[in-house]
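Close look at the chain arrangement
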Amino acid sequence: MSTGLGLESLVDQTISVITNDGRNIVGILKGFDQATNIILDESHERVYSTKEGVQQLVLGLYIIRGDNISIVGELDEELDSHIDLSNLRAHPLKPVIH
């Protein structure tokens, strides 16, 4: 878990980002700035559906604007590797309304 040091403690670790439009993007945090714009490497978007398993769209090196970020969280890679995403069904997240 993060120790309250902010994003500095998550650099070079795998994180999950939920954007304001409901997207879930997973990747390795490579950097960020004072506006919380973040740079992810080896990233992919997880697309959830109630009809089929989770699709993972490869994004590679990816930048997310800070004003489009709702939540940033550390991802437990060991736990995540045991989840069979092809059998997981879920409703897509709805956009955040401010």
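First, a word on what this report is: a plain description of the structure on this page.

About the cut-offs
Within each chain, residues carry numbers counting from 1 in the order of the written sequence. Per-residue local features of the predicted model are confined to residues with pLDDT of at least 70, and side-chain atom pairs are confined, for both listing and counting, to 80 or more; whole-chain, interface and lining totals are unaffected and use all residues. With hydrogens and water stripped out, all remaining heavy atoms of the structure feed into the side-chain values. The patch calculation keeps residues exceeding 30% relative accessible area without a salt bridge and links them within 9 Å when they carry like charges or within 5 Å when they are nonpolar (Val, Leu, Ile, Met, Phe, Trp, Tyr). Here the Shrake-Rupley method, with its probe set to 1.4 Å, supplies the accessible areas, and only the displayed protein chains count as covering residues. We count a salt bridge whenever a side-chain nitrogen from Lys or Arg sits within 4 Å of a carboxyl oxygen from Asp or Glu. The numbering of helices and of strands both runs from the N terminus, where a helix is a DSSP run of H or I of at least 4 residues and a strand a run of E of at least 2. Residue exposure (1.4 Å probe, protein chains only): buried if accessible area is under 20% of the type maximum, exposed if over 50%, otherwise partly exposed. Two strands pair under a simple rule: DSSP has to find at least two bridges between them. For every element, the axis is a line fit to its C-alpha atoms; helices are fit only across the contacting stretch, and the angle between N-to-C directions ranges from 0 to 180 degrees. Pairs of N or O atoms are called polar contacts if they sit within 3.5 Å, as long as, within protein, a hydrogen donor faces a hydrogen acceptor (for residues adjacent in sequence, only side-chain-to-side-chain pairs). Contacts are assigned to residue pairs that have any heavy atoms within 4.5 Å of one another. Think of a nonpolar core as a cluster: buried Ala, Val, Leu, Ile, Met, Phe, Trp, Tyr and Cys residues, connected wherever their side-chain atoms sit within 4.5 Å.

Our focus in this paragraph is a nonpolar patch on the surface. Among the surface-exposed residues, I39, L61 and I63 lie close enough to one another that they form a single nonpolar patch of about 310 Å² accessible area. Here L61 shows up in strand 4 (residues 55-64). Overall, the relative accessible area of 61% leaves L61 in the exposed class.

Moving on, we come to the sheet that holds strand 1 (residues 14-19). Read from one edge to the other, the open sheet built from five strands follows the order 4-3-2-1-5, with strand pairing classed as antiparallel. Looking at which strands have only one partner, the edges of the open sheet turn out to be strand 4 and strand 5 (69-74). Taking the axes of each pair of neighbouring strands and ignoring which way they run, one obtains an average angle of 25 degrees across the sheet.

As a further point, take the pattern of salt bridges. When the charged atoms of two side chains lie near each other, side chains of opposite charge can form a pair. Applying the stated rule across the entire model yields four salt bridges. In this structure, the salt-bridge partner of R23 is E45, at a minimum N-O distance of 3.0 Å. Placement of R23 in the loop between strand 1 and strand 2 (24-32) and of E45 in strand 3 (residues 38-47) is noted, with a sequence separation of 22 residues between them. Here D67 ties to R65 by a salt bridge, and the two come within 2.8 Å at their closest N and O atoms.

Locating H44 in the fold gives a position in strand 3. Among the residues examined, H44 registers a relative accessible area of 16% and is labelled buried. At 2.7 Å, the side chain of H44 forms a polar contact with the side chain of Q56. Those residues in contact with H44 that lie beyond four places of it in its chain are N24, I25, V26, Q56, L57, V58 and L59.

What follows is about the environment of L85. As for its position among the elements, L85 is in the segment after helix 1 (77-81). Remark: the alpha-carbon pair of L85 and D12, spanning 73 residues in sequence, is separated by 24 Å.

Right, let's get into the environment of G66. Note on placement: G66 falls in the loop between strand 4 and strand 5. Residue G66 is classed as buried on the basis of its relative accessible area, which comes to 14%. For the pair formed by G66 and L85, sequence separation is 19 residues and the distance between their alpha carbons is 28 Å.

Below, the discussion takes up the environment of G60. When you line up the elements, G60 lands in strand 4. Residues G60 and R89 lie 29 residues apart in sequence; the distance between their C-alpha atoms is 25 Å. Once residues within four sequence positions are removed from consideration, G60 is found in contact with L40, D41, E42 and S43.

Here we come to the nonpolar core. Ranked by size, the top nonpolar core spans 10 residues in total: L7, L10, I15, V17, I25, L29, I38, L40, I64 and I69. Looking at this core, the elements that each hand over two or more residues are strand 1, strand 2 and strand 3. Once residues within four sequence positions are removed from consideration, I64 is found in contact with V17, T19, I25, T36, N37, I38, L40 and I69.

Fair warning: the whole summary comes from geometry, so function is off the table for now.
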